[in-house]
Amino acid sequence: MANKSNPIYRAWAEPNNRGAGYVAVWIAPGLVADIVRPDGKTPAVYSTEFEAELAGWRRMAEVLNGPRIRANKQQGKPERYVRLSGPELAEQLRAAGITPSFLAYLYATSQHRVLTWIDGAEDVPHPIRVLLALFRADATNIDIAENVTDKVTSERKPRRLETG
């Protein structure tokens, strides 16, 4: 397979290394390049590059337009968690009384990443749902998380609630 670095959305044809024809390959942001396999195992072989590339685009559209439950590639099992949506995350942050920058600090990620979760550009990790539920259940849990994080970071700490 060709090295397609830093892709946006892409589909292409690769020569079939087991005989005549071409196989279809596709990739989308956040996903690993994949070969079109109609039966889930054997790569489909197309007679022309155009047919293979078109099949790659079609497969990408099926995956991206399909249900949000993705298969775990290592285990072949669907995820068991319903992902938190961006608006739900924003509401849970408000309910917990913390800002996106404070959540980023506690979760050891960037504020930009938290904002991509809120915008829906990236899936919200399941542990965020758990943390926010703990924070809403008892504000002492926020204090515990803050103390633990303070002890292991030299980064400037954002305030729990920003006032301006």
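Residues numbered from 1 in each chain as written. Predicted model: local features only at pLDDT ≥ 70, side-chain atom pairs only at ≥ 80, totals over all residues. Heavy atoms only, no water.

> Even after reading the chapter, I still don't get the nonpolar core, so can you show me in this structure?
Leu 89, Ile 98, Leu 103, Ile 128, Leu 132 and Phe 135 are the most contacted members of the largest nonpolar core, which totals 18 residues. Elements represented by at least two residues in this core include exactly helix H2 (86–96), helix H3 (100–107), helix H4 (111–119), helix H5 (126–137) and helix H6 (139–151). Looking at this core element by element, the count peaks at five residues for H3. Grouped together as the second largest cluster of nonpolar side chains are 11 residues, Ala 11, Ala 13, Ala 28 and Ala 55 included. (Core = buried A, V, L, I, M, F, W, Y, C linked by side-chain atoms within 4.5 Å. Buried < 20%, exposed > 50% of the residue type's maximum accessible area, 1.4 Å probe, protein only. Helix = DSSP H or I, 4+ residues; strand = E, 2+ residues; numbered from the N terminus.)

> Would you mind going over the packing of aromatic side chains with me for this structure?
Each aromatic ring pair is summarised here by two numbers: the centre-to-centre distance and the angle between the ring planes. Tallied over the full model, the rule gives two aromatic pairs. A ring pair is formed by Tyr 107 and Trp 117, whose centres lie 5.9 Å apart and whose planes are at 75°; its orientation type is edge-to-face. In this pair, Tyr 107 sits in helix H3 while Trp 117 sits in helix H4, placing the two residues 10 residues apart along the sequence. The exposure class of Trp 117 is buried, given its relative accessible area of 2%. (Phe/Tyr/Trp six-rings, centres within 6.5 Å; stacked < 30°, edge-to-face > 60°.)

> What is the right way to look at the sheet that holds strand E2 (residues 22–27) in this model?
What holds strands together in a sheet is hydrogen bonding between their backbones, with the strands either parallel or antiparallel. Judged by pairing direction, the sheet is antiparallel, and its three strands sit side by side in the order E1-E2-E3 without closing on themselves. Lying at the two open borders of the sheet, with one neighbouring strand each, are strand E1 (10–15) and strand E3 (34–35). With six bridges joining them, E1 and E2 adopt antiparallel strand pairing. Residue pairing across strands places Pro 15 opposite Tyr 22, the latter belonging to E2. Running over the sheet, helix H1 (residues 49–65) touches E1 and E2 and is turned about 35° from E2. (Pairing = 2+ DSSP bridges. Contact = heavy atoms within 4.5 Å. Axes fitted to C-alpha atoms, helices over the stretch in contact; angles between N-to-C directions.)

> Would you take a moment to explain unusual backbone geometry for this structure?
Most peptide bonds are trans, and most residues other than glycine sit at a negative phi. Notably, Ala 108 is not glycine yet its phi reads approximately 60°, a positive angle. Within the secondary structure, Ala 108 sits in the loop between H3 and H4.

> Would you take a moment to explain the pairing of E2 for this structure?
The two faces of the sheet receive side chains in turn, since in a regular strand these alternate between them. In terms of burial, E2 is largely enclosed, as five of its six residues are buried. Linking two consecutive strands that pair antiparallel, namely E1 and E2, is a turn of six residues; a positive phi of about 150° is found at Gly 19 within it. Sheet analysis places E2 next to E3, joined by two bridges and oriented antiparallel. From the neighbouring strand, Val 25 faces E3, where its bridge partner is Ile 35.

> So what exactly am I meant to see when it comes to the pattern of salt bridges here?
Working definition: two side chains of opposite charge can pair if their charged atoms are close together. On inspection of all chains with the given rule, the structure shows three salt bridges. Across the pair Glu 91 and Arg 94 runs a salt bridge, and its minimum N-O distance is 2.4 Å. Of the two residues, Glu 91 and Arg 94 both sit in helix H2, three residues apart, roughly one turn of that helix. By relative accessible area, which is 58% here, Arg 94 ends up exposed. (Salt bridge = Lys/Arg side-chain N within 4 Å of Asp/Glu carboxyl O.)

Don't take any of this as a statement about function, it's just geometry.
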